[in-house]
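Structure at a glance
Here are the chains, one letter per residue:
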Amino acid sequence: MAHNLSEGSLEIIMNGGHYDKPIMQVLGSKKIQGSGANERFRLLVSDGKHSHSFAMLATQLNDKLITGELSDYSVVQIDRFVTSLLKNTGKGEKRVMIILDITILTPGTEVGKRIGNPQTWTEETAGSAPAQPAMQPVPKPAPSPKSMAKPAPTANMNVSMNSSMLSTQMTHPIASLSPYQNKWVIKARVMNKSAIRTWSNARGEGKLFSMDLCDDSGEIRATAFKNECDKFYDMIQVDKVYYISRCQLKTANKQYTSLKNDYEMTFNSDTVVAECTEDASSLPTVKYDFVPINTIAEKSPDTIIDVIGVCKSAGDLQELTAKSTGKLLKKREVMLVDSSGGAVTLTLWGNEAEKFEGSTNPVILAKGARLTEFNGSKSLSYLASTMLRLNPDLPEAHKLRGWYDNGGADMDIVNISAKSGMYTGGSNEWITFAEAESRQLGSGEKGDYFSLLGVLTFTFSENAIYKACPQEQCNKKLVDQENGLFRCEKCNREYPNYKYRLLLGANVSDPTGDQRITAFNEAAEAMLGRSAADVGQMFDYDKAGYAQLFEEVKFRTFVFKFRTKMETYSDETRLKTTVMNAQPVDYKDGNTRLIKSIKEITGVEV
DNA sequence: CCCCCCCC
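Please read these numbers as outputs of a predicted model, since none were measured by experiment.

About the cut-offs
- Every chain begins its residue count from 1, and numbering advances along the sequence as written.
- Lettering for chains starts from A, numbering for ligands starts from 1, and both go in the order in which the items are written.
- Only residues with pLDDT of at least 70 are given local features in this predicted model, and only at 80 or more are side-chain atom pairs given and counted; all residues enter the totals for whole chains, interfaces and linings.
- Side-chain descriptors were evaluated using all non-hydrogen atoms of the structure, hydrogens and water having been removed beforehand.
- Here a residue counts as near a molecule or strand whenever at least one of its heavy atoms sits within 4 Å of it.
- Pairing of N or O atoms within 3.5 Å defines a polar contact, subject to two protein rules: one partner must be a possible hydrogen donor and the other a possible acceptor, and residues neighboring in sequence count only if both atoms are side-chain atoms.
- Under the DSSP-based scheme used, a helix requires at least four consecutive residues in state H or I and a strand at least two consecutive residues in state E, with every element numbered from the N terminus.
- Side-chain classes follow a simple rule in which Ala, Val, Leu, Ile, Met, Phe, Trp, Tyr, Cys and Pro form the nonpolar group, Asp, Glu, Lys and Arg form the charged group, and the remainder, Gly included, forms the polar group.
- Axis definition: a line fit to C-alpha positions, over the contact stretch in the case of helices; interaxial angles, taken between N-to-C directions, run 0 to 180 degrees.
- For classification purposes, an angle smaller than 35 degrees is called roughly parallel, one larger than 145 roughly antiparallel, one from 65 to 115 roughly perpendicular, and anything else oblique.
- Note on contacts: a residue pair qualifies if any of its non-hydrogen atoms lie within 4.5 Å across the two residues.
- Between Lys or Arg on one side and Asp or Glu on the other, a salt bridge is scored when a side-chain nitrogen of the former is within 4 Å of a carboxyl oxygen of the latter.
- A simple rule labels every residue: compare its accessible area, found with a 1.4 Å probe on the protein chains alone, to the largest value its type can have, and call it buried under 20%, exposed over 50%, or partly exposed in between.
- Helix span, expected: 1.5 Å multiplied by one less than the number of residues in the helix.
- A pair of strands is considered paired only if DSSP assigns at least 2 bridges between the two.
- Here, the term nonpolar core denotes a set of buried Ala, Val, Leu, Ile, Met, Phe, Trp, Tyr and Cys residues that are joined through side-chain atoms within 4.5 Å.
- The aromatic pairing rule takes the rings of Phe, Tyr and Trp, using the six-membered ring of Trp, and pairs them if the centres are within 6.5 Å, calling planes under 30 degrees apart stacked, those over 60 edge-to-face and the rest tilted.
- Note on criteria: charge over ring means Lys NZ or Arg CZ within 6 Å of the ring centre, with the direction from the centre no more than 35 degrees off the ring normal.
- Confidence scores here are pLDDT values: one per residue, from the predictor, ranging 0 to 100.

**As for the protein's contact with DNA strand B**
By nearness alone, 22 residues border DNA strand B, and Arg-197, Lys-250, Tyr-256, Lys-331 and Ala-384 come closest of all. In DNA strand B, the atoms that sit within 4 Å of the protein are 34% sugar and phosphate, with bases accounting for the remainder. Within the side chain of Arg-197, a nitrogen or oxygen atom sits 2.7 Å from a base nitrogen of DNA strand B. Elements represented by at least two residues in the surface near DNA strand B include exactly strand 8 (197–201), strand 10 (218–225), strand 15 (328–337) and strand 17 (363–374). Looking at the surface near DNA strand B residue by residue, the class counts come to 10 nonpolar, three polar and nine charged.

Written out as structure tokens, the structure reads:
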């Protein structure tokens, strides 16, 4: 197979010229910094004549390397790139190429060898190369942004370029910024802007706001303190594009951001920000990486994720006092659902909790919400840096609206945030009913907890729902006074209203046995995929639907967390097993466990 | 220079 590399293109690019979609061969790659989501790779590329390790892969293309798609010897077409001059201590300047888009023409495994005999490109080679290749268009002076308060820094402006590249070439890619180089201008879109926060600690006090910026090459967080906070807060607007220069760069603390950049920037008194008034539609807009709600349970706690869902219900505003700080907190729990059939609780705090209005079932978009785990179930928490948007004008949002209003509202859901409130931990191990029996779980004084992968083989629909005391903390079954009032023996009061709660009896089986179990309200909601209120509604008005629901849930598989204890009724002693928590199966986790046990049983490496 | 992001 013929591989026509763009011989000589590397030389042109290294001299600051532009070459449209050069075809090159990848000869090697090297991780230059970061790990996980923050890795950045450098490539050794060849155009057949020269080779050079000056190419950096934009982080959004990392996957191609990691998955092996972009293997050594691959022949690629570089569809989009920018170059930038970096100050190289003591050695003048060094040009880097940031690859933004790439098409793999022939996989490395098919090429299998180096093409031609490329020579390593060096400064000496550069000296012998023409400074301005003849094929380049006439250089154009770079227009400086009109509204800049100070003249835009003009460092590194390379004027040999075609007009479509002009604005990109004028500015520096975000991915190329580092603390070692301070003469740059970026052209970036504001993806997110925080509210102004104040702080006060031993080192002083002040206020700040932060913003997340992006361009073709990557993203970065910028923070403005005190004076700069006042100066720029009103000016900076989400979705707008700005030229920004003269900021301090420092290493980002990964604990507090999910942005793909090892650095973050701080505005200082020299910082220049000017709105870009030209067409900036080529710059990426806010990027969302929506996680389907039914897969949120598979993610690790403390992950920052983007989610979009319909607010199915919203709790009341709750006030509570933080035990650790004594601070008065306000929170509101909102239940989000999407067409994946999952439901998750999003907890709003403070101002956001106070002003939230969920009665119209708005579509809620939360970018950068934190996944938290409590008592074995997962939910989302709103952070200061979370971007919350109600009914955003996005295709995903319109789709969800349509789904919800056309039957989605009545869809069976599995609430991954369902909690029992009683679960006190226990081993993370899955065992079987046979193992539970052989370990004599439940025979002790305190009861035992265990987890198991099981199938719901039968559910008892009779008496699965009851009218409970409407008081927040009291779930006592009410006595119908037959006069429109219901009596709570615990509160010693009569109420005209009640709330429905579930108390579900069922059989759970695994390959080694089965067990009659009881699931209280939240666990039962997770198993039935319906809220107690919904089930109560069906019980009252749709008996057939109610019966159907209990049929449908049969043979669903869950990861159950049980509490089991021997109890004696009159003369009979038997195990009473309660479902603390029923979660949908995370098959990735399930397979890991399976592989581990295959290894243990067979001694064979899988 | 923040970096707390809460509670059950």
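**A few points about the packing of helix 11 (residues 532–541) against helix 12 (residues 543–552)**
Across the interface, helix 11 lies against helix 12 with an axial gap of 6 Å and an inter-helix angle of 130°. By the criterion of interaxial angle, the relationship of helix 11 to helix 12 is oblique. Taken together, the residues of helix 12 that come into contact with helix 11 (itself represented by Val-535, Met-538, Phe-539 and Tyr-541) are Lys-543, Gly-545, Tyr-546 and Leu-549. Each residue belonging to the contact of helix 11 with helix 12 can be placed in one class, and the counts come to six nonpolar, one polar and one charged.

**Quick look at the pattern of salt bridges**
This structure, assessed with the given rule, holds 18 salt bridges. Of the charged contacts in the structure, one is a salt bridge between Glu-354 and Lys-330, with a shortest N-O distance of 3.3 Å. Of this pair, Glu-354 sits in helix 7 (residues 350–355) while Lys-330 sits in strand 15; the two residues are 24 residues apart in sequence, bridging distant segments of the chain. Owing to a relative accessible area of 24%, Lys-330 belongs among the partly exposed residues under this scheme. The salt bridge partner of Glu-489 is Arg-487, with a shortest N-O separation of 3.8 Å. By sharing partners, the salt bridges in this structure join Arg-80, Asp-101 and Asp-216 into a single network.

**Remarks on helix 13 (residues 587–602)**
Between the first and last C-alpha of helix 13 there are 22 Å, a value that for 16 residues agrees with the 22 Å anticipated at 1.5 Å per step. The opening residue of helix 13, the one whose side-chain oxygen lies 3.1 Å from the backbone nitrogen of Lys-588, is Asp-586. Positive phi appears at Gly-603, one or two residues downstream of helix 13, with a value of about 75°.

**Regarding the pairing of strand 12 (residues 263–275)**
Of the strand pairs in this sheet, strand 10 and strand 12 are connected by two bridges, and their pairing is parallel. Across the sheet, residue Ala-222 finds its bridge partner in strand 12, namely Met-265.

**Concerning the nonpolar core**
Met-527, Phe-560, Phe-562 and Val-579 are the most contacted members of the largest nonpolar core, which totals 32 residues. The element contributing the most residues to this core is helix 10 (residues 521–528), with four residues. In this structure Val-579 touches Ile-517, Thr-518, Ala-519, Ala-523, Met-527, Phe-560, Lys-561 and Phe-562, once residues within four positions along its chain are discounted.

**A few points about the sheet that holds strand 25 (residues 493–495)**
Overall, antiparallel pairing links the three strands, which are arranged 23-24-25 in an open sheet. Strands at the two margins of the open sheet, each flanked by one partner only, are strand 23 (479–480) and strand 25.

**Remarks on helix 10**
Counting buried residues along helix 10, seven of its eight residues qualify, which places the element largely inside the surrounding structure. The positive-phi residue at the C-terminal boundary of helix 10 is Gly-529, with phi of around 70°.

**Side note on the pairing of strand 18 (residues 377–381)**
Of all five residues that make up strand 18, five are buried, and the element is covered over most of its length. Neither face of strand 18 is exposed, since Ser-377, Ser-379 and Ser-381 on one face and Lys-378 and Leu-380 on the opposite face are all buried. As defined by bridge partners, strand 16 (residues 342–349) adjoins strand 18 across two bridges and the pair is classed as parallel. Looking across to strand 18, one finds that Leu-346 is bridged to Leu-380.

**What to know about the packing of aromatic side chains**
As enumerated under the stated definition, the model contains 15 aromatic pairs in all. Ring geometry for Tyr-546 and Phe-550: centres 4.9 Å apart, planes at 50°, overall tilted. Of this pair, Tyr-546 and Phe-550 are both found in helix 12, four residues apart, which corresponds to roughly one turn of the helix. Here Tyr-546 matches Phe-550 in class, with each residue buried. Joined through ring pairs, the aromatic side chains of Phe-433, Phe-450, Phe-558, Phe-560 and Phe-562 make up one cluster. Stacked on the ring of Tyr-233, the Lys or Arg Lys-193 has its end atom at 3.8 Å from the ring centre. Here the guanidinium or amino end of Arg-516 rests over the ring plane of Phe-460, the centre of that ring lying 4.3 Å away.

**Description of the confidence of the model for chain A**
With 87% of its residues at a pLDDT of 70 or more, chain A shows a mean pLDDT of 84. Contacts of residues 420–426 to residues separated by more than four positions or lying in other chains number 12 contacts, the stretch itself having pLDDT below 50.

**Quick word on the sheet that holds strand 28 (residues 513–519)**
Around the barrel, five strands lie side by side as 21-27-28-30-29; this closed barrel has mixed pairing. Within the sheet, the average angular offset between the axes of one strand and its neighbour, ignoring direction, is 55°. Sheet topology places strand 21 (residues 448–460) next to strand 29 (residues 557–569); eight bridges connect them, and they run antiparallel. Within strand 29, the position partnered with Asp-448 by the bridge is Thr-564. Along the sheet face, helix 10 touches strand 21, strand 27 (504–510), strand 28, strand 29 and strand 30 (572–583) and points at about 65° away from the line of strand 30.

**Focus on unusual backbone geometry**
The phi dihedral of Tyr-73 is positive, around 80°, even though this residue is not glycine. With respect to the secondary-structure elements, Tyr-73 resides in the loop between helix 2 (62–66) and strand 4 (75–87). Accessibility expressed as a relative area gives 32% for Tyr-73, which makes it partly exposed. One non-glycine residue, Asn-361, adopts positive backbone phi at about 50°. By the element assignment, Asn-361 lies in the loop between helix 7 and strand 17.

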